[in-house]
Amino acid sequence: MIGLISATAAGAAARDRLAAAWPDRTRVYEGPVGDAVRAAFAQCEQLVCFLATGAVVRLVAPLLDDKASDPGVVCVDEGGRFAVSLVGGHGGGANELACEVGELLGAQPVVTTATDAVGVPGLDTLGFPVEGDVAGVSRAVLDGEPVALKADFAWPLPALPVTGEGRYTIRLTDRLVEPAERAVVLRPPSLVVGVGASRGAPVEEVLGLVEAALLDAGLSARSIAELATLDAKAEEAGIVEAAERLGVPLVTYSAQELASVDVPNPSDAPLAAVGTPSVAEAAALVGGGELLVPKRKSAADPAMATCAVVRRPARGRLAVVGLGPGARDLLTPRARAELRRASVLVGLDQYVDQIRDLLRPGTRILESGLGAEEERARTAVEEAREGRAVALIGSGDAGVYAMASPALAEASDDIDVVGVPGVTAALAAAAVLGAPLGHDHVSISLSDLHTPWEVIERRVRAAAEADIVVTFYNPRSRGRDWQLPKALAILAEHREPTTPVGVVRNASRPDESGRLTTLATLDPATVDMMTVVTVGNTATRRIAGRMVTPRGYRWQESPRDSQEETK
């Protein structure tokens, strides 16, 4: 919960905007400011104070205890100009909250945490436990000293400016090791513990078994991702409480699912009792992985609990990111976040140049030229299969004539795939022209590099006969100069010569140009590959210098009809 505190009418107005936007996330604290801050500090995970930073410093200073547990505090000035991350930038999430508040209120986020200021992810913000000399290693990263990354296995980390060797070390492991001097240990959630238990098994027996199994195998309990068991045990108190004490989710599977898993130690007893020859091993192995601890029983007599431990392979992450039509302000916040989350970037060289400054230090860039789309798709998927966090970029929306299709054709279910939508060239061009896509519309690429012209022509004829607005991508190049005239001739068989046509080149970019012409007067020689051509339907009109396709409502047919409808 986010506590909201204000002292003036201006602050209350901004406070109420946040409360209205986040009704389930916020709670307004009224009354004397000092009392409100103290109450919110004790009851909330984060605070947004619409007060001067000096005042907030004095109010929260006596309340501070531990940066790992203190709430994050953000200050917003009276004028709503700045959202300042004051306390708990990483541990309390104040840095991220300042950005969220800034976006919602139109304020400038102010984040002074050193790692955030230089674009390096904080070691305590990677989403899993970290141990050791966090401050020292972070300072070495900031100072540009060599820092070695030693990973026991691949994991989709964000980009880190690390080297092969160095006085400082970042170790990624689920092994039970103590951090060395000038080192930190990252604990990824790589372990799945399968558990089985008899009815009424005490939590101390279940938890003691799990802890002993991990200790004997030299594994850290901080790397447990989940406890897994049979769905019939979903409400078994000992298992449920064990998961709660470990701070991990409890995942359950049906007997049929568990029975289908090949295990090294099946047993007739659970098969007869619950319909599967294995509970602990099978539950741990459902998602695949390496069996580190085979089934073992608790030490009680009779034993009431069993467990097994599996290290699941890291699932790589492939984000297919649409960069929009070119303007930086049309790059979505989600796309920016994915670019900064990736440790590997794959893309066309000219697109990489557009966003190179947004990448974190240490991002590995794999770029190539025109015509290598399938190679880029394969490369991105292969990198993700190695357990890395990969961003594959494309212009506009990556799913429209771009990289999503070839990438997903290569990908299987062994990696996580995330699609990040972008503003398409057709939409950017439409905004320049007016509202040409106000009713049904279709996009057709005139490039016959991958699609036979016979197929393209059939689609153009279908759109012409259906009276649909058409946006042509890849309309003309030096090697393809006849396709656009042919397509326009097909449309002319079904539309008047005066049908509006919009021509936009480099939409949203500094050298953007747009013009309106007609089906009869458009000169194809003025069109190139950087151009989008939009041909209206029979209802499209030129109104006040803009291209408009009516939505088709009856009240738009004529002023008289409109008057009749309102009577």
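Being a predicted model, the structure only gives us computed values, none of them experimental. (Residues numbered from 1 in each chain as written. Predicted model: local features only at pLDDT ≥ 70, side-chain atom pairs only at ≥ 80, totals over all residues. Heavy atoms only, no water.)

1. Notes on the overall build of the protein chain
Secondary structure assignment for the protein chain yields 19 helices and 28 strands. Dimensions of the protein chain, computed from C-alpha atoms along their principal axes, come out at roughly 90 × 65 × 60 Å. For the protein chain, with 567 residues in total, the buried portion stands at 46%. Taking contacts inside the protein chain between residues at least 6 apart in sequence as the whole, the part at least 24 apart equals 64%. (Helix = DSSP H or I, 4+ residues; strand = E, 2+ residues; numbered from the N terminus. Buried < 20%, exposed > 50% of the residue type's maximum accessible area, 1.4 Å probe, protein only. Contact = heavy atoms within 4.5 Å.)

2. Observations concerning the sheet that holds strand β18 (residues 364-368)
Sheets are built from strands paired through backbone hydrogen bonds, the pairs being either parallel or antiparallel. Strand order in the open sheet formed by 5 strands is β18-β17-β19-β16-β20, with parallel pairing between adjacent strands. Because the sheet does not close on itself, it has two edges, and the strands there are β18 and β20 (416-420). Averaged over all adjacent pairs, the angle separating strand axes in this sheet is 15 degrees, with direction ignored. The sheet contact formed by strand β17 (residues 344-348) and strand β19 (residues 389-394) spans 3 bridges and is parallel. Considered in β19, the bridge of Leu345 is made with Ala391. Across the sheet, helix α12 (residues 333-341) lies against β16 (317-322), β17, β19 and β20, angled at about 140 degrees from β16, the strand it touches most. (Pairing = 2+ DSSP bridges. Axes fitted to C-alpha atoms, helices over the stretch in contact; angles between N-to-C directions.)

3. Remarks on the layout of surface pockets
Computed from the structure, the second largest pocket encloses a volume of approximately 1500 Å³. If you trace the second largest pocket, you find 48 residues lining it, with Tyr351, Glu373, Tyr401, Asn474 and Met529 closest to the centre. For the lining of the second largest pocket, the leading source of residues is helix α14 (residues 373-385), giving 4 residues. (1 Å grid on protein atoms, 1.4 Å probe; cavity = no way out; pocket = protein on both sides within 12 Å on 5 of 7 lines; lining within 4 Å. Points joined across faces, edges and corners; volume = space filled by probe spheres on them.)

4. Quick notes on the environment of Arg317
When you line up the elements, Arg317 lands in strand β16. Residue classification places Arg317 among the buried residues on the basis of a relative accessible area of 16%. In sequence terms Arg317 and Ala159 are 158 residues apart; their C-alpha atoms lie 13 Å from each other. The residues touching Arg317, leaving out its near neighbours within four places in the chain, are Glu338, Arg341, Ala384, Arg388, Ala389, Val390, Asp416 and Val418. Among the polar contacts made by the side chain of Arg317, one reaches the side chain of Glu338 at a distance of 2.6 Å. (Polar contact = N/O pair within 3.5 Å; in protein donor to acceptor, adjacent residues only side chain to side chain.)

5. Quick word on unusual backbone geometry
Residue Asp301 is joined to Pro302 through a cis peptide bond whose omega torsion reads 5 degrees. Within the secondary structure, Pro302 sits in the loop between β14 (290-297) and β15 (305-311). A positive phi is found at Arg182, a non-glycine position, where the angle reads about 55 degrees. With respect to the helices and strands, Arg182 occurs in the loop between β9 (168-172) and β10 (183-186). Accessibility expressed as a relative area gives 29% for Arg182, which makes it partly exposed.

6. Focus on the packing of aromatic side chains
All chains considered together, the criterion is met by 3 aromatic pairs. Summarising the aromatic geometry, the rings of Phe153 and Trp155 are spaced 6.1 Å apart at their centres and angled 65 degrees between planes, so their arrangement reads as edge-to-face. Under the relative-accessibility criterion, Phe153 is labelled buried at 16%. With a centroid separation of 5.0 Å and an interplanar angle of 70 degrees, the aromatic rings of Trp453 and Trp482 are classed as edge-to-face. With Trp453 in helix α17 (residues 453-465) and Trp482 in the loop between β23 (469-473) and α18 (483-492), this residue pair connects regions lying 29 residues apart in the sequence. Since its relative accessible area comes to 42%, Trp482 is described here as partly exposed. Above the ring of Trp22, the side-chain terminus of Arg25 is found at 4.4 Å from the ring centroid. (Phe/Tyr/Trp six-rings, centres within 6.5 Å; stacked < 30°, edge-to-face > 60°. Lys NZ or Arg CZ within 6 Å of the ring centre and 35° of its normal.)

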